[in-house]
Amino acid sequence: GTMVQRRKLEEEDFRGTQFVNHTLDLKGNNDILSVTRPDIISDIHEQYLAAGADIIETNTFSGTSIAQLDYGLQAYDEVFRINKEGAQLAKAACVKFTAQNPDKPRFAAGAIGPTNRTLSVSPSVENPAYRATTFDEVVKAYYEQCEGLVAGGVDMFLVETIFDTLNAKAALFAIDKFFEDKGTKIPVFVSGTIVDKSGRTLSGQTNEAFWISVSHAKPMAVGLNCALGAKDMYEYVKNLAKCCDAYVFCYPNAGLPNAMGGYDDTPAQMAADCTPFAADGLINGIGGCCGTGPEHIKALHDVVAAPHKPRDVPVVENLFRTSGLEPFIYQPDPQDHRKTFINIGERCNIAGSILYKKAIVAGDYDKALAIAKKQVEQGAHMLDVNMDDGLIDAVPAMTRFVNLLVSEPDTAKVPFMIDSSKFFVVEAGLKCSQGKCIVNSISLKEGEEAFIQNARIVKRYGASVVVMAFDEHGQAATEAEKVSMCQRAYKILVEKVGFNPQDIVFDPNILTIGTGMEEHNNYAVDFINATRRLKTLCPGCKISGGVSNIAFSFRGNDAVRRAFHSSFLHHACAAGLDMGIVNAEHCIHDVYEKIDKELLEYVEDVLLNKDPDATERILEFAAKLDPKSSPTNPKRLDGSLPAFRASTREHDKGADYIEKALAVPANLPPVPVYQKYNPEVKQSAAFALLDKAMKERIVVIDGAMGTMVQRR
């Protein structure tokens, strides 16, 4: 932009001979100059290369049908032409300069800008759920841009100036699909934009949350550009360099804009301000954005890049990471899993709250949003969102509600678990969230082919996935069935889909006990023991479940049901349970050690299957309790103080039963050796060349195109 602006071009230059009779003004549409004034664009590219740039961007920042709509050039043929010819000009310049010095290869980066629409922010103050475009429309526009750029010969893609991470996720979704369709991939760089000193993007994400949201695409490099000058960008680049295991780059503006919208930093000033990035070992690439020209790039090359070594890419611990506006990084306490248990709020699930269901059915989304906010206030680390009900049109309901959640800072800060038994409803939720979500759920119910297809789509959205213990033959009930189904799914996900094990969450089915049916009596014990085995057999996996299911037969009696939840969490977390869909307030309040000891005795007789008569005994006991009282201080209906004693256990399994039932088997099978994922899509030759360059030196990225055009 900067280089284009320097050219002082007029309407005739933008029209050229190709668009003489075009009905709309084209001045300001810099991308069209690749078609109408290729001489200017080629000259700018060569000036940057002569100044020392290793990577130059194509003149296609606004090269999508969405952005070109403002100029009436949104037709596919026009967009393809803009991108192809823009790519050809940049590539030709790179080939010319590489031939002059083969030891310094030059790379043409296909510039993919953010469009002039935002998927996470409503343009209407009155309607925060409204969006001016859809995820699918943005994906289509980016896919078309990729086609033109690759046809023109770009070496890599640069998804840049990301002010809304959901737009970037749409771009990365399109790029991944494009790679799959073509069978070859090229390197991808991703660059976010911190809009002010809050350290957040325009759509509200911190830069670490932004990285977590795009890391699934495995970009070769990630960085920051625009909005800020180098001094104000330092802390955010430092944070990015610490948390990400890709190359890191930045290309700041030439200072902050002055009163006239220009930029005042001289090349020497900018180079001095950028030097700490390199001196402190934070970057692998440096360049310029708004207000920078070849003179700035030469200074950055000579003062910043050449004298300093590139950053060593750190080994970042592989952990379960999700994000909303803020990062959520799970580091379980190996000594006390219950302490680090992830509370997933259940009250925005149709099955988890009658108040929420009534609000959605009535179209009272403000009330539903208030329920979501209250859960976060009460300690929910994540929010489960489910719309599965015959009275609800799930796709528009999911879309509207998630759009509202991301528009409300108090709810948008936490990750979302998008929950539905219908995969197309899950996709509707994923298309609205800029954070890294968890999908709940997929399973082997419809066979391996459908399972793999859904898993690949989830991966493309950048989400973690809950896998239900369900296969072609039905739902897993016993310990052996739970372990077998989950391990089979794990092997498929790791070996055939390439899922990070940390992003695999198993739900081995928390099934209801205390039903009076003998075959249900061991469900809790089976879940707990399956959890322990899966954490060994499937390294890195996480375990979750719907905790309220365990005592569903005691619904209506809060004291008893909440005591069941607390006791179940105590024993299941000890076996490795990581997270669960819960009432967050109760989960925090109902500490196991504070549960009434008398009540707990009856509960654990049922929970741990200590006595076949345990259900009858607890029903006797529960009938004497105030159903609305707390499990830590249960009240008797008759107000009596002496402890109530139910009928004597007639078939007690012994004092050491629990220890035996939950014991780790002595002869556990060895951890299987899983095969490394071998992606079908091949890498282009640019990967090795670019990787070598970034290992050897700090690479230099060109400056702004628009300002240079204005100089004419």
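Thresholds, definitions, all that
Residues numbered from 1 in each chain as written. Predicted model: local features only at pLDDT ≥ 70, side-chain atom pairs only at ≥ 80, totals over all residues. Heavy atoms only, no water. Helix = DSSP H or I, 4+ residues; strand = E, 2+ residues; numbered from the N terminus. Rg over C-alpha atoms; globule rule 2.2 N^0.38 Å. Buried < 20%, exposed > 50% of the residue type's maximum accessible area, 1.4 Å probe, protein only. Contact = heavy atoms within 4.5 Å. Phe/Tyr/Trp six-rings, centres within 6.5 Å; stacked < 30°, edge-to-face > 60°. Salt bridge = Lys/Arg side-chain N within 4 Å of Asp/Glu carboxyl O. Arc of directions from axis to C-beta. Polar contact = N/O pair within 3.5 Å; in protein donor to acceptor, adjacent residues only side chain to side chain. Pairing = 2+ DSSP bridges. Right-handed = clockwise from strand over helix to strand, strands pointing away. Core = buried A, V, L, I, M, F, W, Y, C linked by side-chain atoms within 4.5 Å.

Asks: What exactly am I supposed to notice about the overall build of the protein chain here?
Replies: Looking only at helices and strands, one finds 26 helices and 22 strands in the protein chain. The C-alpha atoms of the protein chain give a radius of gyration of 29 Å, which matches the 27 Å a tight globule of 712 residues would have. The principal-axis extents of the C-alpha atoms in the protein chain amount to approximately 95 × 55 × 45 Å. Buried residues in the protein chain amount to 58% of all 712 residues. Considering only intrachain contacts with a sequence separation of at least 6, the fraction spanning at least 24 residues in the protein chain is 78%.

Asks: Just checking my understanding: could you explain the packing of aromatic side chains for this structure?
Replies: Two numbers describe a pair of aromatic rings. These are the distance of the centres and the angle of the planes. Considering all chains together, one arrives at 19 aromatic pairs under this definition. Between Tyr 490 and Tyr 674, the aromatic rings sit 4.8 Å apart at their centres with planes inclined by 65°, giving edge-to-face as the arrangement. Within this pair, whereas Tyr 490 is found in helix α18 (residues 479-497), its partner Tyr 674 is found in the loop between α24 (657-661) and β21 (682-683), the two being separated by 184 residues in sequence. Under the relative-accessibility criterion, Tyr 490 is labelled buried at 3%.

Asks: Even after reading the chapter, I still don't get the pattern of salt bridges, so can you show me in this structure?
Replies: Any two side chains of opposite charge can pair, on the condition that their charged atoms come close. Scanning all chains against the criterion turns up 33 salt bridges. Residue Lys 27 is joined to Glu 10 by a salt bridge in which the shortest nitrogen-to-oxygen separation is 3.4 Å. Here Glu 10 lies in the segment before α1 (11-15) and Lys 27 lies in the loop between α1 and α2 (33-36), a separation of 17 residues in the sequence. Relative accessible area serves as the criterion here: at 44%, Lys 27 is assigned to the partly exposed category. For Arg 697, the salt bridge identified is with Asp 54, shortest N-O distance 2.7 Å. Of this pair, Arg 697 sits in the loop between α25 (686-696) and β22 (699-700) while Asp 54 sits in the loop between α3 (38-50) and β1 (55-57), placing them 643 residues apart in sequence. One connected set of salt bridges, linked through shared partners, spans Asp 54, Lys 104, Lys 692, Glu 696 and Arg 697.

Asks: Would you mind going over helix α12 (residues 354-361) with me for this structure?
Replies: Residue pairs spaced three or four apart in an α-helix point in one direction, given the helix's 3.6 residues per turn. By the burial criterion, the buried members of α12 are Tyr 356, Ala 359 and Ile 360. Looking down the long axis of α12, one finds its buried residues gathered within 95° of arc, a one-sided arrangement. Opposite the buried face of α12, at more than 90 degrees from it, the exposed residues are Ile 354 and Lys 358. Where α12 begins, the capping side chain belongs to Ser 353, and its oxygen is found 3.4 Å from the backbone nitrogen of Leu 355. Positioned one or two residues after α12, Gly 363 has a phi angle of 75°, which is positive.

Asks: Please explain the pairing of strand β2 (residues 107-112) as it appears in this structure.
Replies: For a regular strand, the rule is simple: side chains alternate between the two faces of the sheet. Counting buried positions along β2 yields 6 of 6 residues, so the element is predominantly enclosed. Here 3 bridges tie β1 to β2, and the two strands are oriented parallel to one another. Counterpart to Ile 55 in the pairing with β2 is Phe 107. The parallel pair β2 and strand β3 (residues 156-162), bridged by helix α6 (residues 135-151), forms a crossover whose chirality is right-handed.

Asks: When you look at the side chain of Asn 59 in this model, what are you seeing that I'm missing?
Replies: Locating Asn 59 in the fold gives a position in the loop between β1 and α4 (65-68). Relative accessible area serves as the criterion here: at 4%, Asn 59 is assigned to the buried category. A polar contact of 2.8 Å, which involves the side chain of Asn 59, links it to the backbone oxygen of Asn 30. There is a polar contact of 3.2 Å between the side chain of Asn 59 and the side chain of Ser 34. Ignoring anything within four residues of it in the chain, the contact list for Asn 59 reads Asn 30, Asp 31, Leu 33, Ser 34, Ile 41 and Met 705.

Asks: Before we go on, may I ask you to explain the sheet that holds strand β15 (residues 464-468) in this structure?
Replies: In sheet architecture, strand pairing relies on hydrogen bonds along the backbone and comes in two forms, parallel and antiparallel. As summarised here, the arrangement of the 8 strands in space is β19-β18-β15-β14-β13-β12-β11-β20, forming an open sheet in which the pairing is parallel. Two strands in the sheet have a free side with no partner beyond their single neighbour: β19 (542-543) and β20 (579-582). As paired elements, strand β14 (residues 438-442) and β15 share 4 bridges and run parallel to each other. Paired with Ile 438 across the strands is Ser 464, a residue of β15.

Asks: Explanation requested: the nonpolar core in the structure shown.
Replies: Burial of nonpolar side chains together is a common tendency in soluble globular proteins. Phe 277, Ile 286 and Phe 568 are the most contacted members of the largest nonpolar core, which has 200 residues in total. Considering each element in turn, this core owes the most residues, 10 residues, to helix α7 (residues 165-182). Setting aside anything within four residues of it in sequence, one finds Phe 277 in contact with Ala 230, Met 233, Tyr 234, Val 237, Cys 250, Leu 282, Ile 283 and Ile 286. In this structure, Phe 107, Leu 158, Phe 249 and Cys 289 belong to the second largest nonpolar core, which totals 19 residues.

Asks: Sorry, what's going on with unusual backbone geometry here?
Replies: For residues other than glycine, phi is negative in most cases, and the peptide bonds are mostly trans. Omega for the bond connecting Asn 440 with Ser 441 falls within 30 degrees of zero, at 15°, which places this linkage in the cis form. Checked against the element boundaries, Ser 441 lands in strand β14. Located in the positive-phi region is Ala 227, a residue other than glycine, with phi close to 65°. A positive phi is found at Asn 609, a non-glycine position, where the angle reads about 55°. Within the secondary structure layout, Asn 609 lies in the loop between α22 (597-607) and α23 (614-622).

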